[in-house]
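# Per-entry structural report
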Amino acid sequence: MGALHLPPEVEAVFREFRTCEFTTVNRQGQPLTWPTEPFYDAPEGRLIVTCSIAFPVKVYNARRHPQVAVLFSDPTGAPLTDAPTVLVQGDATVTELEDDPPWSYEMFKESIHRQPKARSFVSNPLARRLFTFQFQRVAIFVQPRRILVWPRGDMVQVPTELEVRYVE
Amino acid sequence: MWNKALIACARTYPSGVLTVVEDSGYPRSVRCLVEFDDARELILISIPSLEVVGRQGLACLLFHRHNVDMSGQRELLIKGELHEEAGNLVLHPGDFLTGSGRQDTDRMPYAGSPMDIIRYMMLGRRKAREYLAKRGKPWTPRPWGKMLRYLDTP
(Lines give C-alpha, C1' and ligand atoms only; values in the text may rest on other atoms or scores of the structure.)
Protein backbone atom coordinates (compact mmCIF):
# COMPACT_ATOMS: atom_id res chain seq x y z
CA MET A 1 0.00 0.00 0.00
CA GLY A 2 2.89 2.38 0.68
CA ALA A 3 3.39 4.90 3.46
CA LEU A 4 0.43 6.52 5.16
CA HIS A 5 0.02 10.26 5.00
CA LEU A 6 -0.37 11.19 8.67
CA PRO A 7 -0.13 14.33 10.81
CA PRO A 8 3.15 14.21 12.77
CA GLU A 9 1.41 13.96 16.16
CA VAL A 10 -0.50 10.85 15.03
CA GLU A 11 2.60 9.27 13.51
CA ALA A 12 4.41 9.96 16.80
CA VAL A 13 1.69 8.06 18.67
CA PHE A 14 2.06 5.07 16.33
CA ARG A 15 5.84 5.09 16.79
CA GLU A 16 6.14 5.86 20.48
CA PHE A 17 3.25 4.35 22.41
CA ARG A 18 4.38 1.28 24.35
CA THR A 19 0.99 -0.37 24.34
CA CYS A 20 -2.24 -0.18 22.43
CA GLU A 21 -5.63 -1.70 23.19
CA PHE A 22 -6.11 -4.24 20.40
CA THR A 23 -9.55 -5.69 19.71
CA THR A 24 -10.58 -8.78 17.82
CA VAL A 25 -14.06 -10.25 17.60
CA ASN A 26 -14.70 -13.89 18.41
CA ARG A 27 -17.09 -16.39 16.86
CA GLN A 28 -19.94 -15.24 19.10
CA GLY A 29 -19.50 -11.61 18.03
CA GLN A 30 -17.92 -10.78 21.37
CA PRO A 31 -15.22 -8.10 21.21
CA LEU A 32 -12.05 -8.98 23.12
CA THR A 33 -9.61 -6.19 23.89
CA TRP A 34 -6.14 -6.76 25.30
CA PRO A 35 -3.16 -4.49 25.84
CA THR A 36 -0.66 -5.30 23.14
CA GLU A 37 2.70 -3.95 22.06
CA PRO A 38 2.26 -2.22 18.69
CA PHE A 39 4.79 -1.71 15.93
CA TYR A 40 4.36 0.83 13.16
CA ASP A 41 5.63 -0.38 9.80
CA ALA A 42 5.86 3.08 8.25
CA PRO A 43 7.03 2.07 4.75
CA GLU A 44 4.02 -0.23 4.39
CA GLY A 45 1.56 2.07 6.17
CA ARG A 46 0.39 -0.61 8.56
CA LEU A 47 0.37 -1.47 12.23
CA ILE A 48 1.69 -4.82 13.40
CA VAL A 49 0.94 -6.67 16.58
CA THR A 50 2.19 -10.15 17.35
CA CYS A 51 1.23 -12.94 19.65
CA SER A 52 2.88 -16.10 20.84
CA ILE A 53 1.75 -19.37 19.28
CA ALA A 54 0.97 -20.45 22.84
CA PHE A 55 -1.80 -17.88 23.11
CA PRO A 56 -3.18 -17.55 19.57
CA VAL A 57 -6.80 -16.50 20.24
CA LYS A 58 -6.24 -13.09 18.63
CA VAL A 59 -4.94 -14.82 15.53
CA TYR A 60 -7.87 -17.19 15.21
CA ASN A 61 -10.30 -14.33 15.74
CA ALA A 62 -8.58 -12.07 13.21
CA ARG A 63 -8.56 -14.82 10.59
CA ARG A 64 -12.28 -15.40 11.05
CA HIS A 65 -13.32 -11.75 11.51
CA PRO A 66 -10.66 -9.48 9.96
CA GLN A 67 -12.22 -6.24 11.13
CA VAL A 68 -10.18 -5.18 14.15
CA ALA A 69 -9.48 -2.01 16.11
CA VAL A 70 -6.41 -0.51 17.71
CA LEU A 71 -6.83 2.19 20.33
CA PHE A 72 -3.88 4.25 21.51
CA SER A 73 -5.10 5.73 24.77
CA ASP A 74 -2.36 5.01 27.34
CA PRO A 75 0.80 7.09 26.76
CA THR A 76 2.69 5.64 29.76
CA GLY A 77 6.36 5.42 28.82
CA ALA A 78 6.03 7.29 25.54
CA PRO A 79 8.25 10.38 25.34
CA LEU A 80 5.34 12.55 24.20
CA THR A 81 3.53 15.49 25.75
CA ASP A 82 -0.21 15.99 25.33
CA ALA A 83 -0.41 13.04 22.96
CA PRO A 84 -3.73 12.57 21.19
CA THR A 85 -5.79 9.45 21.64
CA VAL A 86 -6.06 7.62 18.33
CA LEU A 87 -8.45 4.87 17.25
CA VAL A 88 -7.64 2.84 14.14
CA GLN A 89 -10.22 0.55 12.64
CA GLY A 90 -8.64 -1.69 10.08
CA ASP A 91 -8.48 -4.97 8.23
CA ALA A 92 -6.24 -7.70 9.56
CA THR A 93 -4.14 -10.26 7.78
CA VAL A 94 -2.19 -12.91 9.62
CA THR A 95 1.12 -14.63 9.01
CA GLU A 96 3.40 -16.85 11.03
CA LEU A 97 6.68 -15.06 11.75
CA GLU A 98 9.12 -17.69 10.62
CA ASP A 99 11.08 -16.27 7.74
CA ASP A 100 12.61 -13.26 9.50
CA PRO A 101 11.54 -10.35 7.30
CA PRO A 102 13.70 -7.22 7.75
CA TRP A 103 11.00 -5.39 9.69
CA SER A 104 10.93 -8.17 12.28
CA TYR A 105 14.50 -7.24 13.30
CA GLU A 106 13.47 -3.62 13.68
CA MET A 107 10.47 -4.69 15.72
CA PHE A 108 12.67 -6.87 17.96
CA LYS A 109 15.09 -3.99 18.49
CA GLU A 110 12.28 -1.58 19.25
CA SER A 111 10.76 -4.00 21.72
CA ILE A 112 14.04 -4.37 23.64
CA HIS A 113 14.49 -0.60 23.60
CA ARG A 114 11.06 -0.24 25.22
CA GLN A 115 11.74 -2.99 27.78
CA PRO A 116 15.43 -2.65 28.62
CA LYS A 117 15.25 -5.38 31.28
CA ALA A 118 14.36 -7.88 28.56
CA ARG A 119 17.87 -7.59 27.08
CA SER A 120 19.38 -9.92 29.67
CA PHE A 121 16.48 -12.33 29.21
CA VAL A 122 16.89 -12.66 25.43
CA SER A 123 20.67 -12.89 25.81
CA ASN A 124 20.37 -15.94 28.07
CA PRO A 125 20.24 -19.20 26.04
CA LEU A 126 18.60 -21.10 28.91
CA ALA A 127 15.83 -18.51 29.28
CA ARG A 128 15.27 -18.59 25.51
CA ARG A 129 15.02 -22.35 25.61
CA LEU A 130 12.59 -22.47 28.51
CA PHE A 131 10.45 -19.75 27.02
CA THR A 132 10.80 -20.69 23.34
CA PHE A 133 7.09 -20.07 22.88
CA GLN A 134 7.66 -16.38 23.57
CA PHE A 135 9.71 -16.15 20.39
CA GLN A 136 7.48 -18.29 18.19
CA ARG A 137 5.09 -15.61 17.08
CA VAL A 138 2.34 -14.85 14.64
CA ALA A 139 2.05 -11.36 13.16
CA ILE A 140 -1.24 -9.59 12.67
CA PHE A 141 -0.98 -6.79 10.12
CA VAL A 142 -3.58 -4.06 10.42
CA GLN A 143 -4.26 -1.98 7.34
CA PRO A 144 -6.02 1.18 8.56
CA ARG A 145 -9.42 1.94 7.06
CA ARG A 146 -10.57 4.63 9.48
CA ILE A 147 -8.59 6.78 11.88
CA LEU A 148 -10.19 8.89 14.62
CA VAL A 149 -8.19 11.39 16.66
CA TRP A 150 -8.98 13.05 19.99
CA PRO A 151 -6.52 15.93 20.50
CA ARG A 152 -4.69 15.84 23.87
CA GLY A 153 -6.42 12.56 24.65
CA ASP A 154 -9.63 14.38 25.47
CA MET A 155 -12.36 11.88 24.65
CA VAL A 156 -15.05 14.27 25.79
CA GLN A 157 -14.57 16.03 22.48
CA VAL A 158 -15.92 14.81 19.17
CA PRO A 159 -13.02 13.12 17.35
CA THR A 160 -11.52 14.27 14.09
CA GLU A 161 -11.65 11.65 11.36
CA LEU A 162 -8.54 11.47 9.22
CA GLU A 163 -8.75 10.52 5.61
CA VAL A 164 -6.74 7.34 5.18
CA ARG A 165 -4.41 8.39 2.40
CA TYR A 166 -1.22 6.80 1.15
CA VAL A 167 1.81 8.74 -0.08
CA GLU A 168 2.18 8.36 -3.85
CA MET B 1 -20.51 -13.86 37.65
CA TRP B 2 -19.40 -11.02 39.91
CA ASN B 3 -15.78 -11.57 40.94
CA LYS B 4 -15.13 -9.57 44.11
CA ALA B 5 -11.35 -9.97 43.98
CA LEU B 6 -11.08 -8.75 40.40
CA ILE B 7 -13.61 -5.99 40.94
CA ALA B 8 -11.34 -4.81 43.76
CA CYS B 9 -8.49 -4.76 41.24
CA ALA B 10 -10.62 -2.88 38.71
CA ARG B 11 -11.42 -0.21 41.30
CA THR B 12 -7.76 0.78 41.40
CA TYR B 13 -7.81 2.09 37.83
CA PRO B 14 -8.79 5.65 37.01
CA SER B 15 -10.51 4.57 33.79
CA GLY B 16 -11.20 1.58 31.56
CA VAL B 17 -11.52 0.88 27.85
CA LEU B 18 -15.00 -0.08 26.71
CA THR B 19 -15.36 -1.81 23.36
CA VAL B 20 -18.43 -2.58 21.30
CA VAL B 21 -18.83 -3.82 17.73
CA GLU B 22 -20.31 -1.38 15.25
CA ASP B 23 -22.84 -2.37 12.61
CA SER B 24 -19.97 -2.23 10.09
CA GLY B 25 -18.33 -5.14 11.92
CA TYR B 26 -15.44 -3.02 13.18
CA PRO B 27 -14.85 -2.84 16.92
CA ARG B 28 -15.02 0.58 18.50
CA SER B 29 -13.17 1.38 21.72
CA VAL B 30 -13.46 4.35 24.04
CA ARG B 31 -11.72 5.15 27.31
CA CYS B 32 -14.30 5.87 29.98
CA LEU B 33 -14.98 6.27 33.69
CA VAL B 34 -16.85 3.49 35.45
CA GLU B 35 -18.65 2.90 38.72
CA PHE B 36 -19.20 -0.50 40.31
CA ASP B 37 -22.57 -1.36 41.77
CA ASP B 38 -21.85 -4.29 44.09
CA ALA B 39 -25.45 -4.68 45.20
CA ARG B 40 -26.78 -5.12 41.67
CA GLU B 41 -23.51 -6.60 40.33
CA LEU B 42 -23.41 -4.10 37.48
CA ILE B 43 -20.92 -1.65 36.08
CA LEU B 44 -22.14 1.83 35.25
CA ILE B 45 -20.36 3.41 32.33
CA SER B 46 -19.80 7.10 31.99
CA ILE B 47 -19.09 7.77 28.34
CA PRO B 48 -17.47 11.11 27.69
CA SER B 49 -17.85 10.66 23.97
CA LEU B 50 -21.48 9.95 23.18
CA GLU B 51 -20.72 7.84 20.18
CA VAL B 52 -21.11 4.42 21.75
CA VAL B 53 -24.17 5.31 23.77
CA GLY B 54 -27.14 3.43 22.43
CA ARG B 55 -25.02 0.60 21.14
CA GLN B 56 -26.27 -2.31 23.12
CA GLY B 57 -25.17 -5.90 23.03
CA LEU B 58 -21.90 -7.73 23.53
CA ALA B 59 -19.13 -5.55 24.90
CA CYS B 60 -15.95 -5.76 26.93
CA LEU B 61 -14.25 -3.55 29.45
CA LEU B 62 -10.46 -3.60 29.79
CA PHE B 63 -8.32 -2.32 32.64
CA HIS B 64 -4.56 -2.36 32.27
CA ARG B 65 -1.40 -0.63 33.37
CA HIS B 66 2.36 -0.87 33.09
CA ASN B 67 5.39 1.08 34.27
CA VAL B 68 7.36 3.31 31.92
CA ASP B 69 9.84 0.48 31.27
CA MET B 70 6.98 -1.98 30.67
CA SER B 71 7.52 -3.74 33.98
CA GLY B 72 4.70 -4.21 36.49
CA GLN B 73 2.13 -5.20 33.88
CA ARG B 74 -1.45 -5.79 34.97
CA GLU B 75 -4.50 -6.54 32.87
CA LEU B 76 -8.09 -7.51 33.43
CA LEU B 77 -10.90 -7.92 30.92
CA ILE B 78 -14.59 -8.09 31.75
CA LYS B 79 -16.83 -9.55 29.07
CA GLY B 80 -20.48 -8.70 29.21
CA GLU B 81 -23.57 -7.17 27.68
CA LEU B 82 -24.15 -3.48 27.40
CA HIS B 83 -27.64 -2.15 28.08
CA GLU B 84 -29.15 1.27 28.29
CA GLU B 85 -31.19 1.54 31.47
CA ALA B 86 -33.01 4.71 32.46
CA GLY B 87 -30.69 6.76 30.31
CA ASN B 88 -27.56 5.15 31.75
CA LEU B 89 -25.20 2.78 30.05
CA VAL B 90 -24.76 -0.38 32.08
CA LEU B 91 -22.47 -3.37 31.59
CA HIS B 92 -23.82 -6.68 32.84
CA PRO B 93 -20.63 -8.65 33.48
CA GLY B 94 -20.22 -12.19 32.22
CA ASP B 95 -16.71 -13.61 32.36
CA PHE B 96 -13.72 -12.05 34.08
CA LEU B 97 -10.45 -12.74 32.28
CA THR B 98 -6.85 -11.93 33.19
CA GLY B 99 -3.63 -12.23 31.22
CA SER B 100 -2.36 -14.87 33.63
CA GLY B 101 -5.60 -16.83 33.75
CA ARG B 102 -5.90 -16.23 37.50
CA GLN B 103 -9.18 -15.21 39.10
CA ASP B 104 -7.72 -13.46 42.13
CA THR B 105 -5.29 -10.93 40.69
CA ASP B 106 -4.75 -8.92 37.50
CA ARG B 107 -0.97 -9.15 37.85
CA MET B 108 0.80 -10.58 34.82
CA PRO B 109 3.12 -13.55 35.46
CA TYR B 110 6.32 -11.59 34.86
CA ALA B 111 5.21 -9.10 37.49
CA GLY B 112 4.56 -11.87 39.98
CA SER B 113 6.48 -14.38 42.08
CA PRO B 114 8.95 -16.98 40.75
CA MET B 115 6.16 -19.55 41.10
CA ASP B 116 3.91 -17.42 38.85
CA ILE B 117 6.66 -17.35 36.24
CA ILE B 118 7.20 -21.12 36.41
CA ARG B 119 3.45 -21.74 36.06
CA TYR B 120 3.36 -19.40 33.07
CA MET B 121 6.34 -21.15 31.47
CA MET B 122 4.74 -24.56 31.83
CA LEU B 123 1.42 -23.35 30.48
CA GLY B 124 3.09 -21.60 27.53
CA ARG B 125 5.17 -24.65 26.64
CA ARG B 126 2.13 -26.92 26.75
CA LYS B 127 0.00 -24.57 24.65
CA ALA B 128 2.78 -24.08 22.11
CA ARG B 129 3.13 -27.86 21.75
CA GLU B 130 -0.60 -28.04 21.03
CA TYR B 131 -0.31 -25.33 18.35
CA LEU B 132 2.64 -27.07 16.71
CA ALA B 133 0.89 -30.45 16.83
CA LYS B 134 -2.08 -28.95 15.01
CA ARG B 135 0.26 -27.26 12.56
CA GLY B 136 1.98 -30.55 11.82
CA LYS B 137 5.54 -29.25 11.51
CA PRO B 138 8.10 -27.77 13.87
CA TRP B 139 8.92 -24.08 14.06
CA THR B 140 12.11 -22.93 12.40
CA PRO B 141 14.71 -22.04 15.06
CA ARG B 142 15.24 -18.31 15.55
CA PRO B 143 18.51 -16.84 14.21
CA TRP B 144 19.55 -15.62 17.64
CA GLY B 145 23.08 -14.63 16.74
CA LYS B 146 21.86 -12.35 13.98
CA MET B 147 19.03 -10.99 16.10
CA LEU B 148 21.27 -10.14 19.06
CA ARG B 149 23.86 -8.51 16.81
CA TYR B 150 21.10 -6.38 15.29
CA LEU B 151 20.32 -4.93 18.72
CA ASP B 152 23.69 -3.18 18.67
CA THR B 153 23.43 -1.73 15.20
CA PRO B 154 22.98 2.05 15.11
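Thresholds, definitions, all that
- Residues numbered from 1 in each chain as written.
- Chains lettered and ligands numbered in written order.
- Predicted model: local features only at pLDDT ≥ 70, side-chain atom pairs only at ≥ 80, totals over all residues.
- Axes fitted to C-alpha atoms, helices over the stretch in contact; angles between N-to-C directions.
- Helix = DSSP H or I, 4+ residues; strand = E, 2+ residues; numbered from the N terminus.
- Parallel < 35°, antiparallel > 145°, perpendicular 65-115°, else oblique.
- Left-handed = near helix turned anticlockwise from the far one by under 90°.
- Contact = placed C-beta atoms within 7 Å.
- Pairing = 2+ DSSP bridges.
- Domains from an automatic or database assignment.
- Nonpolar A, V, L, I, M, F, W, Y, C, P; charged D, E, K, R; others polar.
- pLDDT = per-residue confidence, 0-100.
- Core = buried A, V, L, I, M, F, W, Y, C linked by C-beta atoms within 7 Å.
- Buried ≥ 20, exposed ≤ 12 C-beta atoms within 10 Å, placed from the backbone.

## What about the packing of helix 3 (residues 102-114) of chain A against helix 3 (residues 144-151) of chain B?
Here helix 3 of chain A crosses helix 3 of chain B at 60 degrees, and the two axes come no closer than 9 Å. By the angle class used here, helix 3 of chain A and helix 3 of chain B are oblique. You can see that helix 3 of chain A and helix 3 of chain B cross each other, and the crossing is right-handed. Here Y105, F108, K109 and I112 of chain A of helix 3 of chain A come into contact with helix 3 of chain B, specifically with M147, Y150 and L151 of chain B.

## Some thoughts on the pairing of strand 6 (residues 88-98) of chain B
Residues and elements named next belong to chain B. For strand 3 (residues 42-46) and strand 6, the ladder comprises three bridges, and the chain directions are antiparallel. In the sheet register, L44 faces strand 6, and the bridge partner there is V90. Note that strand 5 (residues 74-85) and strand 6 share nine bridges and pair antiparallel. Looking at strand 6, one finds that E81 is bridged to H92.

## Observations regarding the sheet that holds strand 1 (residues 16-21) of chain B
Taken in spatial order, the six strands line up as 1-2-3-6-5-4 (chain B) and close into a barrel, and their pairing is antiparallel. Adjacent strand axes in the sheet meet at a mean angle of 45 degrees when their direction is disregarded.

## Let's talk about the domain arrangement of chain B
Residues and elements named next belong to chain B. The domain boundaries assigned to chain B delineate domain 1 (4-107) and domain 2 (109-138). Its C-alpha centre places domain 1 at a distance of 27 Å from the equivalent point of domain 2. Taken together, the contacts link six residues of domain 1 with six residues of domain 2. For the side of domain 1 that touches domain 2, the class distribution of residues is no nonpolar, four polar and two charged.

## Digging into the interface of chain A and chain B
Where interface size is quoted, it is often the accessible area lost as the parts come together. Facing the 46 residues of chain A at the interface are 41 residues of chain B. Secondary-structure elements contributing two or more residues to the side of chain A that touches chain B are strand 1 (20-25), strand 2 (31-36), strand 5 (67-72), strand 6 (85-96), helix 3 and helix 5 (125-130) of chain A.

## Description of the confidence of the model for chain B
Per-residue confidence for chain B gives a mean pLDDT of 91; residues scoring 70 or more make up 95%. Taken over the whole predicted complex, pTM reads 0.95, whereas the ipTM for its chain interfaces reads 0.95.

## So, the nonpolar core
V70 and V88 of chain A together with L61 and L77 of chain B are the most contacted members of the largest nonpolar core, which totals 66 residues. No other element matches the eight residues that strand 7 (residues 137-150) of chain A contributes to this core. Filtering out sequence-adjacent residues up to four positions away, L77 of chain B remains in contact with L32, T33 and W34 of chain A together with C60, L62 and L97 of chain B.

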